[in-house]
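# Observations on chain architecture
Single-letter residue listing:
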Amino acid sequence: MSGLSKKRVLLIIGGGIAAYKTLDLIRRLREKGIAVRAVMTAAAQHFATPLSVASLSGEKVFTDLFSLTDEAAIGHIELSREADLIVVAPATADLLAKMAHGLANDLASTLLLATDKKILVAPAMNLRMWLAAPTVRNVATLRADGVIFSGPGDGDMACGEYGPGRMSEPLEILAAIEAALTGDTVLPLPAYPRADAAVAGALDGRRVVVTSGPTHEPIDPVRYIANRSSGKQGHAIAAAAQAAGASVTLVSGPVALADPAGVTTVHVETADEMRRAVEAALPADIFIGAAAVADWRTAETAPEKLKKAAGAEQSLTLVQNPDILAAIGWRDRDRPALVVGFAAETESLIEHAQKKRLAKGCDLIVANNVGRGSNVFGGEMNEVTLIAADGSERWPSLSKKEVATKLIARLARQLNEARI
Ligand code: CTP
């Protein structure tokens, strides 16, 4: 079991339809060995029953600020302090407003005001409520107070509309809780209102160069060395950067994907061609090396098709290809302000990726586990950990498109906040 098995979470359940997902969250926290004590607001009890919450958490559920029996058994101040982390899910507009203003007129809001522990919220509300000026102000206040946000995401709403305000999925909240409990949330989680949806315009006037796909290194006129990269992640990143307003050059190895609309796509075969195309596309504000560049090429390409002699072994002499990412990361002149690499690893993910970041002079490495069973190559989903100089941030399993949007939102924020 993980080092989380002795941790305690105080879970405050607000009144929203998303409360049903919170039941799943409790189950998943318990699976990790994390103890969960739940508090429900009056409104929450319309969406989930204290009995179901108690059965799943295995602990008494607290609902009433003025319960003499509860207060005698465990005072509300103690309840707010004994946990390692306070989680509010779903965090309604009303709860966020109370938190931002320090109101304490029921058990949930009193605990939130009285706690000395970190608070993580998973907002859930109608998109107009999420985008309403008071909520935007409250979210900014809470962020400044150090409250950690998980979501909300975009999606279909119970009310029939589509947009931001949908509560993060239990696994996403779980990942945020684990990160908060283990203290490795050094990088801020996306927490601005509409963070991931609102990248439109975030890269206006910026230039972005992305590499994608595999490279093919010829052996002879009909054979080549290749790898399993599909290019889906790199192409999604180029499309997301374009959607954010950037002028994008995508340097792509051979893939079975359409060129993303509005992106200048340069098609190459070999690592050497990729290197030259990248250099020709500079200068840029951001370089993202998502290609699975072949590490080796044959020392010589046979001019004619190699013929086999019956039963004889054939050997190939391989020489190393140029490292495109390292060349960009260590450039003296015209180095892009942000250089981002990927690290495909099958073991010791974080350790190897950290070393890669330093060795290749990158600002950020997006590390993913491509070990057996991960299904990253060619698949639709990706589970990545972002590694920067000041810490790491683990993202839950997301579609490659979502990874691309979140990554671009994050890079845009970094560029804009640093006023580079
Ligand atoms: N990369 C590159 N040029 C190369 C090799 C890799 O630009 N010749 C870039 C990739 O695009 C990726 C990063 O370097 O962003 C890491 O690629 P990866 O294959 O994980 O690492 P390698 O450097 O090849 O190291 P190893 O294979 O030993 O793990």
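Residues numbered from 1 in each chain as written. Predicted model: local features only at pLDDT ≥ 70, side-chain atom pairs only at ≥ 80, totals over all residues.

To continue, consider the overall build of the protein chain. Scanning the protein chain for helices and strands turns up 14 helices and 21 strands. Oriented by its inertia axes, the alpha-carbon framework of the protein chain measures out at about 90 × 50 × 40 Å. Looking at the protein chain as a whole, 46% of its 420 residues are labelled buried. (Helix = DSSP H or I, 4+ residues; strand = E, 2+ residues; numbered from the N terminus. Buried ≥ 20, exposed ≤ 12 C-beta atoms within 10 Å, placed from the backbone.)

Spatially, the eight strands line up as an open sheet ordered β12-β11-β8-β13-β16-β17-β19-β20, and their pairing is mixed. Both edges of this open sheet fall to β12 (264–267) and β20 (391–394), since each of them pairs with a single strand only. Adjacent strand axes in the sheet meet at a mean angle of 15° when their direction is disregarded. Relative to strand β13 (residues 286–289), strand β8 (residues 207–212) runs parallel, the two sharing four bridges. In the strand pairing of β13, Val-210 is matched with Ile-288. Across the sheet, helix α11 (residues 271–281) touches β8, β11 (247–252) and β12, and the angle it forms with β11 is around 170°. (Pairing = 2+ DSSP bridges. Axes fitted to C-alpha atoms, helices over the stretch in contact; angles between N-to-C directions. Contact = placed C-beta atoms within 7 Å.)

The ligand sits among 15 residues. The nearest are Gly-289, Val-293, Ile-324, Leu-325 and Gly-341. If you list the elements that add at least two residues to the shell around the ligand, you get α12 (324–329) and β16 (338–345). For the shell around the ligand, the element with the most residues is β16, which contributes four residues. Of the residues assigned to the shell around the ligand, the class counts are eight nonpolar, four polar and three charged. (Near = placed C-beta within 6 Å. Nonpolar A, V, L, I, M, F, W, Y, C, P; charged D, E, K, R; others polar.)

On to the pairing of strand β3 (residues 85–91), then. Across the seven residues of β3, seven count as buried, placing the element largely inside the fold. Going residue by residue along β3, you find Leu-85, Val-87, Ala-89 and Ala-91 tucked away on one face and Ile-86, Val-88 and Pro-90 tucked away on the opposite face as well. Taken together, the four bridges between strand β1 (residues 8–13) and β3 define a ladder with parallel strand orientation. Within the sheet, the bridge partner assigned to Leu-11 lies in β3 and is Val-87. Of the pairings in the sheet, the one linking β3 to strand β4 (residues 119–123) comprises four bridges and is parallel in character. Bridge pairing links Val-88 to Val-121 in β4.

Of all hydrophobic cores here, the largest spans 121 residues; its most connected members are Ile-237, Ala-241 and Ile-408. With eight residues, helix α9 (residues 170–182) is the largest single contributor of residues to this core. Residues lining this core come from more than one domain, with at least three contributed by each of domain 1 (8–191) and domain 2 (198–299 + 317–417). (Core = buried A, V, L, I, M, F, W, Y, C linked by C-beta atoms within 7 Å. Domains from an automatic or database assignment.)

All right, on to the sheet that holds strand β2 (residues 35–40) then. Taken in spatial order, the five strands line up as β2-β1-β3-β4-β5 in an open sheet, and their pairing is parallel. Two strands lie at the open edges of the sheet, namely β2 and β5 (148–149), each paired on one side alone. Here six bridges tie β1 to β2, and the two strands are oriented parallel to one another. Pairing of Val-9 across the sheet is with Val-36, part of β2. Strand contacts of helix α6 (residues 107–114): β1, β2, β3 and β4, with the helix running at about 135° to β1, the strand carrying the most contacts.

Okay, unusual backbone geometry next. Of note, the amide linkage connecting Gly-151 to Pro-152 takes the cis form, showing an omega dihedral of 5°. With respect to the element layout, Pro-152 can be found in the loop between β5 and β6 (153–156). Pro-283 follows Leu-282 through a cis peptide bond whose omega is 5°. As for its placement among the helices and strands, Pro-283 is situated in the loop between α11 and β13. Look at Asp-334: it is not a glycine, yet its phi comes out positive at around 60°. Along the chain, Asp-334 falls in the loop between α12 and β16. Taking the number of C-beta atoms within 10 Å as the measure of exposure, Asp-334 has 10 and is therefore exposed.

Time to look at the domain arrangement of the protein chain. For the protein chain, the assigned domains are domain 1 (8–191) and domain 2 (198–299 + 317–417). Taken over C-alpha atoms, the centre of domain 1 sits 36 Å from the centre of domain 2.

Residues Ala-271, Met-274, Arg-275, Val-278 and Ala-281 constitute the buried set of α11. All buried residues of α11 project into a common sector of 130° when viewed along the axis, lining one side. Contact partners of the buried residues in α11: β8, β9 (217–218), β11, β14 (296–298) and α12. (Arc of directions from axis to C-beta.)

Tracing the backbone through its elements, the reader meets Ile-324 in helix α12. For the pair Ile-324 and Arg-275, spaced 49 residues apart in the sequence, the C-alpha separation amounts to 5.6 Å. Apart from residues lying up to four places away in sequence, Ile-324 is in contact with Thr-211, Met-274, Arg-275, Val-278, Gly-289 and Val-293.

This brings us to the packing of helix α1 (residues 19–31) against helix α2 (residues 50–57). It is at 9 Å that the axes of α1 and α2 come closest, and there the two elements cross at 15°. Taken together, the axes of α1 and α2 lie roughly parallel to each other. Crossing geometry of α1 relative to α2 is assigned as right-handed. Counted together, Leu-23, Ile-26 and Arg-27 of α1 and Ser-52, Val-53, Leu-56 and Ser-57 of α2 form the full contact between these two elements. (Parallel < 35°, antiparallel > 145°, perpendicular 65-115°, else oblique. Left-handed = near helix turned anticlockwise from the far one by under 90°.)

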